[in-house]
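The primary structure of each chain is shown beneath.
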Amino acid sequence: MSSKDRYNGLKFLHTKQVIDSAKQRIAEERSGKQYGLLCRFPSVNRAMLRYWRFKRIVMICGMSGSGKSYFLNMLRNDFLLQTNVNFGQANFYLGNPNAAIDLELVKGVYQIPRITDENGRVKILTEGFDVAGQYHPESGLVKTNGNDIIQQAINGHCEYTVVLIHFGYEMDAESELIRSASNIMGASYGYLMSSDFNGDLNKYNRLSDLEFSEVSSVLDAFAPRREYYIPTSGNVEQFKATC
């Protein structure tokens, strides 16, 4: 092996060097503060041990066509929700109205009403509170008493400012955003693209002016997000330099 072919050794840490940082991590987690990111699926959050933590690599696996990219799109939207988005009196599909959950408004947050008894046990109230809106589990949206549609910031209390870099080579950034809008509005990607074929009428749908205005407002709501699309592929060192 010539001198130019030799490699420098990899960085190493002795156990003693990481004990204090391990203690700090445990202390942070027991503080009750949010040091990770939540998604809309409580069971998935529990499987991730409360929330999705930083400094982790998570692989999402599944057969071709099983919905991996669709799931990833939902995760990205959830992780970036650090402020509430009010879409006004929009005509979105919210899901089965019989599944809606009554909410109360506490310090600007629409939440399921709970009380803690003298033994520290938490109980969800079913009556005896002022209903301020309803949560629709299928869409993940809140409809207020004033009929405004709100996408509530499920990561508004995260201790970190989230910046998301998306190396998305499966579809372009415009298609990703349209898919995100379709997920919020409860309309298919094809419908928003005026490409949903109606066999009975033997023609494709065409978005009305009102629908176009609504999808435009949803897309505009994405503008403040700290999200960056990388449309060009590269090698690992280029990925690192880009980040």
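Worth saying up front: this structure is predicted, and the values here are computed from it rather than measured.

What follows is about the nonpolar core. Judged by nonpolar contacts, the single largest core of 16 residues is most densely connected at F87, F92, I149, I184 and V218. The set of elements that each furnish at least two residues to this core consists of α4 (173-185) and α6 (209-221). At three residues, the largest contribution of residues to this core is made by α4. In terms of nonpolar packing, the next biggest core, distinct from the first, is built from nine residues, L37, C39, W52 and L80 among them.

Another aspect to go through is α4. For α4, spanning 13 residues, the distance from its first C-alpha to its last is 18 Å, which sits close to the expected 18 Å at 1.5 Å a residue. Following α4 by one or two positions, G186 adopts a phi angle in the positive range, close to 75°.

Next up on the list: helix α1 (residues 15-30). An ideal rise of 1.5 Å per residue puts 22 Å on 16 residues; α1 measures up with 23 Å between its terminal C-alpha atoms. Backbone geometry just after α1 places G32 at a positive phi near 90°.

Let us now look at the pattern of salt bridges. Oppositely charged side chains may form a pair once their charged atoms are brought near each other. Scanning the model with the defined rule gives six salt bridges in all. In this structure, the salt-bridge partner of R40 is D78, at a minimum N-O distance of 2.9 Å. Taken as a pair, R40 in the loop between β1 (36-37) and α2 (42-47) and D78 in helix α3 (residues 68-79) lie far apart in primary sequence, 38 residues in all. Classification of R40 as partly exposed rests on a relative accessible area of 22%. The buried category is assigned to D78, whose relative accessible area is 3%. The salt bridge partner of R225 is E227, with a shortest N-O separation of 2.7 Å. By the burial criterion, R225 is buried, and E227 matches it. Through salt bridges with shared partners, a single ionic network connects R76, E176, R225 and E227.

So, how was this worked out
Residues numbered from 1 in each chain as written. Predicted model: local features only at pLDDT ≥ 70, side-chain atom pairs only at ≥ 80, totals over all residues. Heavy atoms only, no water. Core = buried A, V, L, I, M, F, W, Y, C linked by side-chain atoms within 4.5 Å. Buried < 20%, exposed > 50% of the residue type's maximum accessible area, 1.4 Å probe, protein only. Helix = DSSP H or I, 4+ residues; strand = E, 2+ residues; numbered from the N terminus. Expected span 1.5 Å × (residues − 1). Salt bridge = Lys/Arg side-chain N within 4 Å of Asp/Glu carboxyl O.

Just distances and angles here, no functional claims.
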